[in-house]
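Per-entry structural report
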Amino acid sequence: APNSWQHASDALLKKGFSPEALEAAGLVGRNKQGGLYERFRGRLMFPIFDPRGRVIGFGGRILVDKEGDAKYLNSPETTLFNKRHQLYGLNFALDTIKQTKRVFVVEGYMDLLALHKAGVTDSVASLGTAFTSQQSRLIQRSADEVIFAYDSDSAGQNATIRALEVVREQGLQVRILAMPDGKDPDEFIRSHGVEEFRKLQGLSLLE
């Protein structure tokens, strides 16, 4: 997304979309004067798909850090998109998950892309650090086991603890993979390779 306040909105308005439609889709907001502004500016964009492969929202990672700007920004809640009800990459992972009956859950877009690039295609990402009961039920439709591979920092550990409470209520088997040296899955695979990642033995929680 270019670092522009009007790039996408101008293009979409020329295609016949109304300002109200752009606002309802979460692509633009309105300033105090009522004018449109781009929600996503100067960001690397990640389309977010529903399980059927339809784009329902976007995530964006900032390219030039500015004080006060969030590193990652998701689309706001819309008629189509509610991040509590979606898992990033599930549409690409479903076929493999149905075969292995397990799913790796990571925190972020880049972790998910690193796993899929390395061939670990039964993996998804929660949209933010909070794992929800709705996301757990999505997994339960196709898998028996959930393997959490959240970041090893304090935020990731706290997110894992909260996620365990959610998943165990659904009766799924749970494992936790801890990345050595405080690495996240993306960093670990780049440093050690996917085979070392596969060798990591997680703490098993089966009750």
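What you are looking at is a predicted structure, and each value in this text was computed from that prediction instead of being measured.

Digging into a nonpolar patch on the surface
A grouping of L44, L63, V64, Y72, M110 and L113 is seen on the molecular surface, where their side chains present a nonpolar patch of about 520 Å² in accessible area. In this fold, M110 is placed in helix α4 (residues 109-117).

Thoughts on the nonpolar core
Core analysis: the biggest nonpolar cluster contains 23 residues, and V103, V105, V124, F131, I139, V146 and F148 have the highest contact counts within it. Mapped onto this core, the elements with two or more residues apiece are α3 (90-100), β7 (102-106), α5 (133-140), β9 (145-148), α6 (154-168) and β10 (173-176). No other element matches the 5 residues that α6 contributes to this core. Ranked by size, the runner-up nonpolar core spans 22 residues in total, among them V106, L127, V194 and L200.

Topic: the pattern of salt bridges
Evaluation of the coordinates by the stated rule reveals 6 salt bridges. Between R54 and D50 there is a salt bridge, with its nearest N and O atoms 2.7 Å apart. Residue D50 is classed as buried on the basis of its relative accessible area of 7%. Across the salt bridge formed by D186 and R190, the nearest N and O atoms sit 3.2 Å from each other. Remark: R190 and D186 occur in helix α7 (residues 185-192); sequence separation between them is 4 residues, near one turn of the helix. In this structure D186 comes out as buried when scored by relative accessible area, which is 13%. In this structure R190 comes out as exposed when scored by relative accessible area, which is 61%.

Considerations on α4
For α4, every residue scored as buried is listed here: Y109, D111, L112, A114, L115 and H116. Positive backbone phi, approximately 95°, marks G119, located one or two places after α4.

Some points on the pairing of strand β3 (residues 43-49)
Here 7 bridges tie β3 to strand β4 (residues 55-62), and the two strands are oriented antiparallel to one another. Within the sheet, the bridge partner assigned to M45 lies in β4 and is G60. Where β3 hands over to β4, the hairpin turn is made up of 5 residues, of which G53 adopts a positive phi near 90°.

Focus: the side chain of R43
One can find R43 in strand β3. Look at R43: it is buried, it has no salt bridge, and the nearest opposite charge is D69 at 5.4 Å. With sequence-adjacent residues up to four places away left out, R43 is seen in contact with A1, G60, R61, I62, L63, D69, A70, K71, Y72 and L73.

What about the environment of R84?
Inspection of the secondary structure assignment puts R84 in the loop between β5 (72-74) and β6 (87-88). It is 6.7 Å that separates the C-alpha atoms of R84 and Q135, two residues lying 51 residues apart in sequence. Beyond its immediate chain neighbours, meaning those up to four positions away, R84 contacts T132, Q134 and Q135.

Quick word on unusual backbone geometry
Backbone phi values are negative for most residues with the exception of glycine, while trans is the configuration of most peptide bonds. For K101, which is not glycine, the phi torsion reads 60° and is therefore positive. Take K101: it is sitting in the loop between α3 and β7.

Some details on empty space enclosed by the protein
It is the rolling of a water-molecule-sized probe over the atoms that shows where space remains empty. The full count for this structure, using the stated rule, is 1 cavity of 30 Å³ or more. There is about 30 Å³ of room inside the largest cavity. Lining the largest cavity are L90, L94, I97, V103, L138, I139, S142 and A143. Within the residue set of the lining of the largest cavity, elements represented by two or more residues are α3 and α5.

Conventions we followed
- Residues numbered from 1 in each chain as written.
- Predicted model: local features only at pLDDT ≥ 70, side-chain atom pairs only at ≥ 80, totals over all residues.
- Heavy atoms only, no water.
- Patch = residues over 30% accessible without salt bridge, like charges linked within 9 Å, V, L, I, M, F, W, Y side chains within 5 Å.
- Areas by Shrake-Rupley, 256 points an atom, 1.4 Å probe, with all protein chains shown as cover.
- Salt bridge = Lys/Arg side-chain N within 4 Å of Asp/Glu carboxyl O.
- Helix = DSSP H or I, 4+ residues; strand = E, 2+ residues; numbered from the N terminus.
- Core = buried A, V, L, I, M, F, W, Y, C linked by side-chain atoms within 4.5 Å.
- Buried < 20%, exposed > 50% of the residue type's maximum accessible area, 1.4 Å probe, protein only.
- Pairing = 2+ DSSP bridges.
- Lys, Arg positive; Asp, Glu negative; His and termini not counted.
- Contact = heavy atoms within 4.5 Å.
- 1 Å grid on protein atoms, 1.4 Å probe; cavity = no way out; pocket = protein on both sides within 12 Å on 5 of 7 lines; lining within 4 Å.
- Points joined across faces, edges and corners; volume = space filled by probe spheres on them.

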